[in-house]
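# Per-entry structural report
Each chain, written out:
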Amino acid sequence: MAAKTGVRTSVRIVVAGDRGTGKSSLIAAAATESFPDSVPAVLPPTHLPADFYADGVPLTIIDSSSSTDNKSKLYEELKRADAVLLTYACDQPMTLGRLTSYWLNELRQLEVKAPVILVGCKLDLRDEHQQVSMEDIVAPIMKQFREIETCIECSAATLLQVPEVFYYAQRAVLHPTAPLFDLERQSLKPRCKNALRRIFTLCDRDMDGALSDEELNEFQVKCFNAPLQPAEIVGVKRIVQENLPSGVNDRGLTLPGFLFLHALFIEKGRLETTWAVLRKFGYDDDLNLSGDYLPVPSKQAPDQDGALRPIELEELFSTAPESPWDEPPYKDSAEKTALGNLTLNGFLSRWALMTILDPPRSLANLIYIGYGGDPAKALHVTRRRLVDRKKQRTERNVFQCFVFGPKKAGKSALLNTLIRRPFSKNYSSTTEDGYVMTMLESAQGGQKTLILREIPEDGVQKFLSHEECLAGCDVAVFVYDSSNEDSWNRSRELLVEVARKGEVSGFGVPCIVIAAKDDLDTSPLAVQDSVRVCQGLGIEAPIPASSKSGDSSNVFNKILSAAEHPHANIPETERGRNRKRYHKLFNRSLIFVSVGAAVGVIGLAAFRAYAARKNTSN
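Taking an unreviewed UniProt entry as the reference, the chain is identified by name as Mitochondrial Rho GTPase belonging to Cucurbita maxima. What UniProt records for the chain under Sequence similarities (unreviewed entry) is the sentence "Belongs to the mitochondrial Rho GTPase family." We quote the UniProt Subcellular location (unreviewed entry) comment for the chain here in full: "Mitochondrion outer membrane".

So this is what it looks like as C-alpha cells:
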C-alpha cells in the first residue's frame, strides 16, 4: 500500500501456481533463510521486515491454495496484490505450460493490474540431461503477456536465488517499468518523456538548452545527495556523445542526451535511478504530480467544484487595472462547470488565447497577478508556421484553427461542443468572430491547447482581403449541413476561396471538412460531391459529426492531428497546379537563358582577346 504522501509503506505479494510447484517452501525458505523439513499446505501471511532489502519497505507475502474450494479467496487476494508471483516446477515442464494455458489468462480475466514475476522452483531437481535455456522458453511467453516483469529460477532446498525472487517482486512494485518504458518499441513512453523534459527545464537555470557541469552537479545533489566528481561528469558525457552526438554540445548535456541517459538506465535494469529523479520532482507511480506536491485543501463542500468562481476571478485580477476576461472574446470562450465556474482547463486555455491575440497584455496581466520571474522568459516565441511546414513537424503546444461555413451549417454548435456547452435548438446568426478553446490529450503525448475561431459567412470577404489573413492559422475547418445540398455548395466555394488565397499568399494551411448534423438524413448528392471535391484537392474526405449527440471527440482529435502535421492535408487547386507547372517551366527556361548568356559572354571575351592580339602583332 501507499501512504498519503505517495511513498509506499509496504508491499503485498501474492504467490500462486499449481499444486506441488513449491510455493510454500519458497516462502518459508525466504523467511527463515533455511530449507524447512515440512511446511503446511498453506502458510499464514508471512512478513519480511523493512531492513530485509535496501529499499527499506516491509513485504507481506500471501501464500495461496490451489484447491478449487478456495478460488474465491484466491481471487480476492490477487485483486489486492501489489505483485503476483506465478510458480512452476523446473522438474515438471507441464506446470510451465499451465502458466500460459490457465494462470496468466486467469489474471487477465480478473483484470489484475499488478506486475507478474514468473518463478521456476525446484531448480535442483531439474534433469541434468534436459538442460534448456530459460530465455528461449520464457521469451515467447513474455512477448505474449506484457504484464510479466521478469522471470527467475530458484531452489528452496539449496537457497539458490531465493532472496532475489522477492527482491525482484518488490522492485517491480517500487520501480515499475510499465509507466516509463515501451518494451516493444524500446523507447521511453510519452508521459515519461514529458516528465523528464519538465525536470530538465527546471534544472537548466540559465535556459541555454543544456545542463552545464555546475547544473549537472546541482541536479545530482538534489536527487542523490552527492555531487559528481569531474571525472564522472566527463565519463557521462563521453558515453552520451559516443551513442548520440546531439546529446552533448559545448554548453553541456542537451535534452536528447538527458533522455538518452534515462533510457540507458532503464535498459540496463537501473530503473531505481530514473524513479529516484521522478519522485524527487514530485511524480507518483502514474507520472502525475503526487498529492503532497499539490497542497490542495482536503475538505471540500458540495458546492466547491475545484473551479474558480466569478468572485475568485475578480479577486485574482484585483491587482490589475481591470479584469481582462470580462469582455469578448474571452468571456464565454472557455469550459465552465454546471455552476458556471471556470475550470482549470478553461483558465489555462484563456491564458493561451490572450497570449495568441495580445501577447503584451497577457504578459502585463501575468505580472499584475504576481509573476516575479524574468519577464523576458515568461513567453516563448515558436518558429514560423512556414518553417514548420517545410520541416514537416511542429513544436507548438497551442494551435489556432479558423472555422468557415455558411449560415446554419452548425459552426457555433461545433464550437459549443468543444467546451461541453449544452446543445441548443435555438438558432442565432453569428455576426462577430467567436472563440472557444480547450486542452486536449495529444496522440503524440502531452496536452495541447486547441483554439477554434469562427469566421461568420458575412465576414469572409473582409477577412480574406488581408494579405496575411492565413498566416496565424494552423488548420482551416469547413463546416456544412450534410442534409442540405446548398449548404455544401457554399462550403465548397469557401474551401476553394481559402485554398486559392493560401496558394497566392504562400500561407497554405491544412484543411478539414466537417459534414455536420449527421443525425439528420444526409443528402446523397452532397455526400458524393464533397468526397469528389476533397479528393480533387488532395485532402481527406469529410468527417461526419453531430453536435446534437454531443460526441465530436473524433472531430477535434482529427483537427488536432492535422495541426500537428502542418505539411499534410494542404489543398491544391487546378489553378495552383498550373501555376506550379508554369513556375517550373519558367525556372528551367531561365537556366537555359543563363547558360546561353554565359556562352555569349565567353564568346565576346574571346573575340576581344583575339582582336587585341591581332592589333599588337600589326
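This part is about the overall build of the chain. When helices and strands are counted, the chain shows 20 helices and 17 strands. Counting the 618 residues in the chain, one finds 43% classified as buried. If you take every contact in the chain between residues at least 6 apart in sequence, the share linking residues at least 24 apart comes to 68%. Here the chain displays about 33,700 Å² of accessible surface, and carbon together with sulfur accounts for 53% of that area.

Moving on, we come to the sheet that holds strand 10 (residues 248-249). If you walk across this open sheet you meet the three strands as 9-11-10, and the pairing is antiparallel. The open sheet has two edge strands with one neighbour each: strand 9 (210-211) and strand 10.

This part is about the packing of helix 9 (residues 255-267) against helix 10 (residues 271-280). Contact pair helix 9 / helix 10: the axes reach a minimum separation of 7 Å and the direction vectors enclose 135 degrees. Between helix 9 and helix 10, the angle falls in the class oblique. Listed contacts from helix 10 to H262, F265 and I266 of helix 9 are L271, T273, T274 and V277. By residue class, the composition of the contact of helix 9 with helix 10 is four nonpolar, three polar and no charged.

Attention shifts here to the packing of helix 6 (residues 190-203) against helix 9. As a packed pair, helix 6 and helix 9 sit with axes 10 Å apart at the nearest point and diverge in direction by 125 degrees. As summarised for this structure, helix 6 and helix 9 are arranged oblique, according to the angle between their axes. Taken as a pair, helix 6 and helix 9 cross one another with a handedness that is right-handed. Residues K193, L196, R197, I199 and F200 of helix 6 touch helix 9, and the partners they reach there are L255, F258, L259 and H262. Residue composition of the contact of helix 6 with helix 9, grouped by class: six nonpolar, one polar and two charged.

To continue, consider the sheet that holds strand 5 (residues 116-121). Strand order in the open sheet formed by six strands is 2-3-1-4-5-6, and the pairing between neighbours is mixed. Both outer strands of the open sheet, strand 2 (46-48) and strand 6 (148-153), are each paired with one neighbouring strand and no more. Each adjacent strand pair in this sheet contributes to an overall mean axis angle of 25 degrees, direction not counted. Contacts from helix 4 (residues 134-144) reach strand 4 (83-89), strand 5 and strand 6, with the element oriented near 160 degrees to strand 6. This element, helix 5 (residues 162-174), spans strand 1 (11-17), strand 2, strand 3 (59-62), strand 4, strand 5 and strand 6 of the sheet and lies at about 125 degrees to strand 1.

What counts as what
- Residues numbered from 1 in each chain as written.
- Predicted model: local features only at pLDDT ≥ 70, side-chain atom pairs only at ≥ 80, totals over all residues.
- Heavy atoms only, no water.
- UniProt positions renumbered as here; feature names shortened; annotations may be inferred.
- Helix = DSSP H or I, 4+ residues; strand = E, 2+ residues; numbered from the N terminus.
- Buried < 20%, exposed > 50% of the residue type's maximum accessible area, 1.4 Å probe, protein only.
- Contact = heavy atoms within 4.5 Å.
- Areas by Shrake-Rupley, 256 points an atom, 1.4 Å probe, with all protein chains shown as cover.
- Pairing = 2+ DSSP bridges.
- Axes fitted to C-alpha atoms, helices over the stretch in contact; angles between N-to-C directions.
- Parallel < 35°, antiparallel > 145°, perpendicular 65-115°, else oblique.
- Nonpolar A, V, L, I, M, F, W, Y, C, P; charged D, E, K, R; others polar.
- Left-handed = near helix turned anticlockwise from the far one by under 90°.

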